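In case you want the letters, here they are:
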Amino acid sequence: MRVIALVSGGKDSCYNMMQCVAAGHEVVALANLRPANHKDELDSYMYQTVGHEAIDLYSEAIGLPMYRRTIKGSSVAIGRDYTECEGDEVEDLYHLLKQIKEKERVEGVSVGAILSDYQRVRVENVCKRLNLQPLAYLWRRNQEDLLREMILSNVQATIIKVAAFGLDPEKHLGKTLDQMEPYLKQISQEYGVHVCGEGGEYETFTLDCPLFRKRIVVDSSDVVIHSADAFAPVGYLRLLKLHLEDKAHHLPSSRALGVLQPCSSCVIQEASTENGDYKEISKPQVTWDLTASNSSDTVKLDHWSVKTKKGYQWISGPSIPMEGKSINDATRQTFSLLQVELEMKDYTLSDIVLLHLYIKDISDFGIINSVYQSYFNLNPPARVCVEAPLPDGISLQVDCLVHKSESTLQDITQGQKEVMHVQSISHWAPANIGPYSQSVKIGDEIFCAGQIGLVPCTMQLIGGGVRPEAALSLNHVQKILQATKSGTKLSNILLANCYVTDKKYIAAVQNFWQKAIKEDIEEDEGYGMMEATPGILVVVAIPHLPKGAAVEWHAIATTHEARERKSFILNKKLDVYEINCKVVTSGSPSSAAISLSLSILLSPVNSLSLKAALQELAVVFQQAMDKLPEDVIPVCFKMFYCEDAINPSLVQRDLARSLEDLLGSKNPLLILVPAADLPDLEILHVACWLTN
């Protein structure tokens, strides 16, 4: 795509521009915001202004037009999120990019952000308003690796500002990255300084890189002491005189960038042995005795769970019969009715934390997504979207978790909602350009959106089959958890769902999960310490996933230490079937997960009482609940069932009654989701999330 590069003069904006070219994009112009009245240093949350007097040389050095605008605004809207705000310096960026888009027909914007959510959120806001795609290839890269890569890629940048403990204006201004690298690593270890200066510890000016046709030479400069602090003095170089110098052997961009490292996601090494973990297991055949399940019986089906102390509730959205409606109309009606349901309980769509969207035909995904987008804007919920064999006449099924903080200050602080919605294309994890966030964090709980094996820098599915897809998509989950809360790992996952498009993939993803969790735990284990307890994995085979993926992971995690968790197993074996139950509680324990499955032992089975089997299932669930703290409540009781093995209407009625009889006020919201298949000889599998 045609790209405008935001340049400050620093190493990051320059190297990201190189990454854009390496990715096949065409940089057609440069953009820069400069301080008013020729000030050297501006108190800006957004822009590097030191060295601005030399920026005009970039245009001739690289051979591209330079667009500049004077910063008129200031840092007005400094919260976590950003919406259009008159008088804010972000609006200067909007007007500059709007002007360039009209003249240069650009589609993307090169952004050198590495770690600053503040800058990323604001650039993404501007890009969304102008329908431009932000390209932030340095986003959340390991800073030591990134600095080394810049040096090896011949980015010749000099330090022009220092503002951190361990950095001295008299000693370090004017030094190159190559000269400073060992010392930056040293003070990073000693004082926590960001190696790439992402905490504002230092700023740079790039004098040469492989994209430059001419190099910039500094003839004279002055050291300006901005703050003579005894421990962390702040100083910068005022560049007084510079000139351009021809490069003896300038290479074309494609050859000059040959040293750049490929995206780590592009080189995941996982052998694709599609059938290596697969053993043929026929679907269980069951003939049900329905005499005890009187179809004339009625039971009140609630669409809401109880509300927990923390302010969580789960809602089962309306299932709208098609009845001649278009998929567009059915989707719009579904979400309009969901909105009404929420308002009846004093919620809004913005209170949704996590939304599950099951659609009958994945080919309708584009239309459904377009309608969905009209209902969500800033900080949308995390989302899981898969195809499911829904009953005839039903095109989509929705359920979601909502949260509203309690009124006390302590509850509001503990239940503060933090949303990660990264829309920039990078090497980190897939950009969520659409209307859903990578994760939502409420207090100690993290809700991660469904992840498929997209290569982040191309947004295309990785090749090689189910194993590379499983590895890459689970790696995305790991990166999202880590970015949401530093130190959070796969071992922090309490409940994971994995959707696969063929039963033969189930064993492969189960083995891969066990391997990944084991490696994650071993990495973190210390001598004489308790071993961490892994979370629950529920694997379901469904017909199709978005973009033709074979695997999708979704997870609920807690930030508590996995070593502090407790788990137990309850199994009940009867003549022709068995019930297996596993429970894992978080370290507090303020939340828990329960996996509950019913498997056929001998197939085919004749005259098995459906009502009796469901009652046994409910009894085992009650026994598990009895072992948990009194205030931990089952919020969502999601049952995946083999579509051709069970009558869902009878299950809904009989199981709902059994759960209500046994649990009373702690009765969970029952949600039924048809599956193409389940592991081994399972005919149903429940994934239950509990919290207080």
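Keep in mind the model is a prediction, meaning the values are calculated, not measured.

Scoring rules and cut-offs
- Residues numbered from 1 in each chain as written.
- Predicted model: local features only at pLDDT ≥ 70, side-chain atom pairs only at ≥ 80, totals over all residues.
- Heavy atoms only, no water.
- Helix = DSSP H or I, 4+ residues; strand = E, 2+ residues; numbered from the N terminus.
- Rg over C-alpha atoms; globule rule 2.2 N^0.38 Å.
- Buried < 20%, exposed > 50% of the residue type's maximum accessible area, 1.4 Å probe, protein only.
- Contact = heavy atoms within 4.5 Å.
- Pairing = 2+ DSSP bridges.
- Axes fitted to C-alpha atoms, helices over the stretch in contact; angles between N-to-C directions.
- Expected span 1.5 Å × (residues − 1).
- Arc of directions from axis to C-beta.

Colleague: Quick one: what's the story with the overall build of the protein, residue by residue and with numbers?
Modeller: Looking only at helices and strands, the protein has 15 helices and 29 strands in total. Against the globule reference of 26 Å for 692 residues, the protein gives a C-alpha radius of gyration of 28 Å, in line with a compact fold. Across its three principal axes, the protein shows a C-alpha extent of roughly 95 × 60 × 55 Å. The buried share of the protein, reckoned over its 692 residues, is 56%. Across the protein, every contact between residues at least 6 apart in sequence was considered, and the portion connecting residues at least 24 apart equals 77%.

Colleague: Any chance you could break down the sheet that holds strand β1 (residues 2-6) for me, citing the residues and the numbers?
Modeller: Taken together, five strands build an open sheet; the order of strands is β3-β2-β1-β4-β5 and the sheet is parallel. At either end of the open sheet lies a strand with only one pairing partner, and these are β3 (66-70) and β5 (133-135). Across the sheet, the axes of successive neighbouring strands diverge by a mean angle of 25°, strand direction being ignored. Bridge count for strand β2 (residues 26-34) against β3 is five bridges, and the pairing is parallel. For L30, the partnering residue across the bridge sits in β3 and is M66. The strands touched by helix α3 (residues 90-104) within the sheet are β1, β2, β3 and β4 (108-110), with β3 carrying the most contacts at an inclination of about 150°.

Colleague: Explain unusual backbone geometry residue by residue, including any values.
Modeller: Residues other than glycine seldom take positive phi values, yet D346 does so here, at roughly 70°. The topology assignment puts D346 in the loop between α9 (327-344) and β12 (352-359). Note on D346: relative accessible area 56%, which makes it exposed.

Colleague: Please set out helix α14 (residues 610-626) residue by residue, giving values where relevant.
Modeller: The end-to-end C-alpha distance of α14 is 25 Å, a good match for the 24 Å that 17 residues give at a rise of 1.5 Å each. Within the sequence span of α14, burial applies to L610, A613, L614, L617, A618, V620, F621, A624 and M625. Seen along its axis, α14 keeps its buried residues to an arc of 160°; they face one direction.

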